[in-house]
Each structure stands twice: as structure tokens, then as C-alpha cells.
Amino acid sequence: MELKSSGLFLVVLVCTFNLHQGQSLVGRIQECSNEGQPYEVNHIDRGKCYSCKCKHGFVECQHSCPSVEGCYFVEVKDNNCCSTCKGCMYNGVYHSSYTEWVDPVDPCKVLRCQASLITETEMKCHTPCANPLPPKKGQCCPTCPECKLHGHVPSNNREIMSADPCLKCTCGPDGMTCSKIACQVLNCLPDKIKYVEGECCPKCVGNNTRYSVSHQCVVTNRLMKEGAQFNYDKCTKCVCRNETSICKRETCPVLQCPVKHQRLIGNGCCKECVKQDTAELSLHCRYNGVGYEEGETKQIDACIECKCSNGIITCSKTMCNDSSCPSGSTAVIEKGECCPKCVETSATCMVFGDLHYKTFDGLMYTSKSVGKFEMVADCSKHTFSVRVANVFRTKTRASSSTKRVTIKAAGARINLGQKLITKVNGRPITFPYFNNNIEIQKIDSNLLQIHLPNGVEITWNGRSFLEVTVPPKFKKKLCGLCGNFNLNMRDDMKMRNGSVTNDVNVMKFVNSWCVGRNCGRKVGHVRQCARPRNKSIKRNCDYINQLFGLCPFSKKYHKACMMDMCDCPSGKCYCESLMAYAQYCKREQVNITDWQTASKCTSRRSRKGNPKHNNSSRMEQLWQQINSSITINKSKNAISPPLLPIS
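This is a predicted model, so every value here is computed, not measured. (Residues numbered from 1 in each chain as written. Predicted model: local features only at pLDDT ≥ 70, side-chain atom pairs only at ≥ 80, totals over all residues. Heavy atoms only, no water.)

Section: the packing of aromatic side chains
Here is step 1 of the chain: Tallying each qualifying case throughout the model produces twelve aromatic pairs.
Here is step 2 of the chain: Arranged with centres 5.9 Å apart and planes meeting at 15°, the rings of Phe 352 and Tyr 557 form a pair that is stacked. Linking Phe 352 in strand S33 (residues 347-352) with Tyr 557 in helix H4 (residues 554-564), this pair joins segments that are 205 residues apart in sequence.
Here is step 3 of the chain: Judged by its relative accessible area of 0%, Phe 352 is buried.
Here is step 4 of the chain: For Tyr 557, a relative accessible area of 2% translates into the label buried. (Phe/Tyr/Trp six-rings, centres within 6.5 Å; stacked < 30°, edge-to-face > 60°. Helix = DSSP H or I, 4+ residues; strand = E, 2+ residues; numbered from the N terminus. Buried < 20%, exposed > 50% of the residue type's maximum accessible area, 1.4 Å probe, protein only.)

Dropping the structure here:
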């Protein structure tokens, strides 16, 4: 298979090679079992250009090159697949671009590297208290015992911003420290520099690729020889050393007056407070276009609150920890909260078409067994169960499908049948249905959704597609054909007796979860599935690769589709695989087109727009034909065809 390196891909390469942007990768898919865990793939992540992890049973790799936005010295190296912003040499040590460090001898000297240019500046301390604590070892500034700036008293772990956006004050358990440093010297032309209101420093926009010149420094559009001293501007003096421009820039003092009273006087480099007549003095504040009365405090958003005091605005901002979430969870910012927190994610199991199962942990297998089976159950506290009744789909008995579903939860028994016919405790119901914290309603013309009190959600299309989504509280507590939801697909085929089998013995696994009569009987001879008869069959299954954009993992659904089309009298059994893949893509937050219309998976009446049949389910005519040919085998000697694992 061939996959472009510009997007997501799943590969294990069988040869060693160097990658460059725009090139293709040719290889084979690698399977994995520890869902969400990072994976090292030889020859791919060795150059740190791609990060790989296990997702739905396959190794997924993503281009992980650092951003070069704002860099005007982008360099492309032959031995690296990523374009990078050129770093800096300082005292014989290489520093990557966008890094900041403190001089080991003088903790008040701060150095920052960006695009082969180092800005060296002295940190200036601001101490808005009478009796500060002396600086700790390795720190520059003293600490105020109380977190208070211009009358603003924020809580701990918040950063305080004043009218001077370059002044940063941080509150911690020991008190508050305030400091200010000069802005980074930018290595781009003036017309590429952008100033943003409320931010401390301007920044370069866009980027540009340049080539290093031996023993010379590149500064904006100029070349400086090794050892040359030059002025970047009237306030910044630089020297070229080791192809790195080292520029010293003065840090301006913290001003104790409103921004509107600050002026740049003469040829000075720093603004000063200009005295105002008493009649002109105003204690009103204005920040980011918002006016404040004296002493007024406003909550800007969940992260920032601001206060006006003596005409000076101060704001405090919550500082969030920058950490990734572990496997099986995702970062979520809840309403009213500032910082994201890791929340365990739900999991989904499905069955569709000619009995293709996808477990909670991503294992996909095929079973043509007929009978009643435990699809999923709470094997810890027995709060719910979902059982399926599978029948032969055609008279040839070469294919099968799910015809009925039984749900037991909250003291109720819910029966789902063909054409969305639904009963609760034996009585037919209409939609929407709400009773005993159980909700049943249509989410569109051909999908029924059931919400159980324990957070379990079931989706049924009234034909053979069934999807069960469980919240994270059921992790490691489930059993049945959907596996145990422990983020490890290797033990998904755990049988009722607790032993684990593999895809070679799928029949043994499935039969262990049979709950009706005729369980575990010997399988007789099964007629081989005929090969696809014409190119149109493959063309219909190819919709999976054509209609779902960048949605990954299409190979297994395509294979399932081709299997379903082997024994399909109507020629439209591919629509079930497309529906299953569409549901998966929606959970992956991939934008997809109107695949039903493009793939001709809508009923003929719906396509004509007959208002009487606008709410008819998709593929209605198809399933009327299929249902008319379904035979329920009630014989005690009923047999189950073998199972075909999807690899």
C-alpha cells in the first residue's frame, strides 16, 4: 500500500531510507494491541519526524515536525525530514530556536534564541511590597509574602498581568515574584512584524527559507562577517559569532502610571511616566477595549479577571499544566473551567452486515453463526445486558445478519426488531419514549437511539446495524462478543469460562457466548462464498475509500463490504458497511459528505422526495427483499457456519 507522508498513516517499513516532505511511504500495516500507547517504529520515528501510537489495533503515525511559523531562517537538512528554524551557538553550546535559558553565573541574565539570533537582556525585578524575602539560590528576584499588585489579590497558581504587558507576576505558595525582560530581537523585515494589542512583544508573521553562509551571520536582509559588531537599532547592539548574532537589549523599567500617561521622550529607548495636570487625572481604566471604573473587577473569561486601581489595570490569569493525557483519556475543558483535565473516554462496539463485529478495544472479526448471543453485559454488577438474535440472511444460508436485539436494564426488557419496531416489557411503544430514566427516540429516519440510566447508549438501524457505547466506568467490567474494554485487544476473545482464545478459534469464542438453544453444536459443511461477479461490486465497496475524506482504517471495512456482497441478492449490501464506517468516522470527528446519496444508499422513494415517504429508512426496498428471504431455523440440529477473522 502507498500512503502520503503529509497526513495520517499506518505503516511498518521493510527497508531503511531517508524521508523528505512530499515523499511517499511504501510498506505494510503493523498491528498492535495496547490501545493508545506510543509505539516506536524503526526508520520512521528515529528522526523524530513522526510520532506513532496504537489506535484501534493498528500503529498510527502522525507527522510531528515543529512549527516554523514566524521563523525567517528556516533550513532544510538532507538528513532530516523536517524543516526547522535555525538554532544558535553560544559559548560552544547549541541551543534550538525558541528556547530560553538563564546564565549559570548570573541568574538575572536571560538569553533567548530564535532564527539564529540570541537576545541577551537583564531581568528587572519589581517588588510591590515593603518587606520582600531575598531571592532564593539560582533566582534573580525577591519574593513578596503576599500576592497583591495594585490592590488586586488573586489566588495561588495564577499569573498577574498589569498595564505593562511585559511585567509578569506569579503567585505561588511562598508569595509573589514580579519581573520584566526585554522583547526578543526579530530576524525579519519591518513589514513582516505584527503588533498585537495587550501583548508584550511583537512577532514575525510568515516564514522564509534561507541557507547558511559560512562564517557569516544573516540578519534580516543583511550579511555580517564573523566578529563584526553592528547596531540592530538604536537600542540594540549585536556581534556575529559562530554564525549566530548575539544582541544585547536593555530592559525598560516598570512604570507606575496608566498606559495613557506613558510617553517615549526624545531619543530614549524606554517610555517614561509623564506628569498630568490634576484636572486631567482620571482613575478610570481601559483594557482590550473594555472600560473599568475605579476599584471595579471584571471576570473576562474562565481564565482571566481584571481590576482597576488608581488608574492602573491589573489582570490575573490561571496557569495550566502542560501535560498530555494517558491512554484511554482525552483533554477536556469543562464549562466554567479554565484548564483542561484528562477525562476517560467512552468505548463503542458494533455489529453490522454479515455479522462483522468490532470490539470496544478495536478488534474486528467476522462470525456467520446463527442463534442468540450475549453481545455485551456488565459481568461485574450485572446492571445491563445486550443480546442479539442472528439469522440466515438468504435461503442459501451462505450469509447471516442480526435480526433482533434484546436489552435488559433498570428492570426493563427492551426488544428491538426490524423496521425499528420496539417493545418495552412486551408492549409496543411509540417515539419518543421516556420512562424510568430510559429514553428511546429516533435520531433520524432510520436510526433509533436508546439511553439507559447507567450511561450506556445503543444505536439500532432496524436492519442489522447495532452499536453499543459504554461510559468509562465500565472499563474492565464487561464481557461478551464485544470484549472486556480494558484497552488491550489481545484478550478480547475471552470466553465465558475465563480462558482466552484467538482469531484461529473464533467459533469457539462465539459459541461460548451463545445463550439460546442449539449452542455449541458441531458445524457442518458450509457452501463457499462465490467471488464477486463483476466490477460493479468492487466499485460499490470502493465508496469506503472515496466518500470519507481523511478517515483512517478503511481497509477492514472494505474487506467486510466485499464479503457481504458475495451473497447479496439485491446488490446493495455494501450500504451496511458504509453505515458502520460512517459511524466510526463521526466518532473520529472527521467531516464526511452525504455518503447516502453519493453511494445510492437511500431508498428510491426518498430520492424522489415524496413527502409521504421522506421518513422511510434508508435501503427500505433492499431490506424488504432481504427480510422476505430470511428463514429462522428452529430445528434442534441447527448448525452455524464457520467464522472468518478479518486481518
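So much for the structure itself; the text now carries on.
Regarding the pairing of strand S39 (residues 412-416)
Here is step 1 of the chain: Alternating positions in S39 separate cleanly, Ala 412, Ile 414 and Leu 416 being buried on one face and Arg 413 and Asn 415 remaining unburied on the opposite face.
Here is step 2 of the chain: As consecutive antiparallel partners, strand S38 (residues 400-409) and S39 are separated by two residues, and within that stretch Ala 410 has a phi angle of approximately 50°, a positive value.
Here is step 3 of the chain: Where S39 hands over to strand S40 (residues 422-424), the hairpin turn is made up of five residues, of which Lys 419 adopts a positive phi near 60°. (Pairing = 2+ DSSP bridges.)

As for helix H5 (residues 574-587)
Here is step 1 of the chain: Here H5 spans 21 Å end to end across 14 residues, near enough to the 20 Å set by a 1.5 Å rise per residue.
Here is step 2 of the chain: For H5, the buried fraction is high: twelve of the 14 residues fall into the buried class.
Here is step 3 of the chain: Every buried residue belonging to H5 is among Tyr 574, Cys 575, Glu 576, Ser 577, Leu 578, Met 579, Ala 580, Tyr 581, Ala 582, Gln 583, Tyr 584 and Cys 585, and all of these are buried.
Here is step 4 of the chain: One or two residues past the end of H5 sits Gln 589, with phi positive at roughly 60°. (Expected span 1.5 Å × (residues − 1).)

Quick notes on the sheet that holds strand S3 (residues 38-39)
Here is step 1 of the chain: Strand order in the open sheet made by the three strands is S3-S4-S5, with antiparallel pairing throughout. The strands lining the two open edges of the sheet, one partner per strand, are S3 and strand S5 (58-63).
Here is step 2 of the chain: When S3 meets strand S4 (residues 50-55), the two strands line up antiparallel, connected through two bridges. Within the sheet, the bridge partner assigned to Pro 38 lies in S4 and is Lys 53.

A look at the state of the cysteines
Here is step 1 of the chain: In this structure the tally under the stated criterion is 19 disulfides.
Here is step 2 of the chain: Residue pairing for Cys 108: its cysteine sulfur links by disulfide to Cys 140, the two sulfurs lying 1.9 Å apart. Its S-S torsion of approximately 95° makes the covalent link between Cys 108 and Cys 140 right-handed. Of this pair, Cys 108 sits in the loop between strand S10 (99-102) and strand S11 (109-114) while Cys 140 sits in the loop between strand S13 (124-126) and strand S14 (158-162), placing them 32 residues apart in sequence.
Here is step 3 of the chain: Cys 147 shares a disulfide with Cys 171; S-S distance 2.4 Å. Placement of the pair is Cys 147 in the loop between S13 and S14 and Cys 171 in strand S15 (residues 167-172), with a sequence separation of 24 residues. (Disulfide = S-S within 2.5 Å.)

Thoughts on H4
Here is step 1 of the chain: For H4, the tally of buried residues reaches nine of eleven residues, placing the bulk of the element in the interior.
Here is step 2 of the chain: Every buried residue of H4 is accounted for by Ser 554, Lys 556, Tyr 557, His 558, Ala 560, Cys 561, Met 562, Met 563 and Asp 564.

Digging into the pattern of salt bridges
Here is step 1 of the chain: For the structure shown, the criterion picks out twelve salt bridges.
Here is step 2 of the chain: For Glu 100, the salt bridge identified is with Arg 112, shortest N-O distance 3.7 Å. Of this pair, Glu 100 sits in strand S10 while Arg 112 sits in strand S11, and the two are twelve residues apart along the sequence.
Here is step 3 of the chain: Connected via shared salt-bridge partners are Lys 109, Glu 120 and Lys 248. (Salt bridge = Lys/Arg side-chain N within 4 Å of Asp/Glu carboxyl O.)

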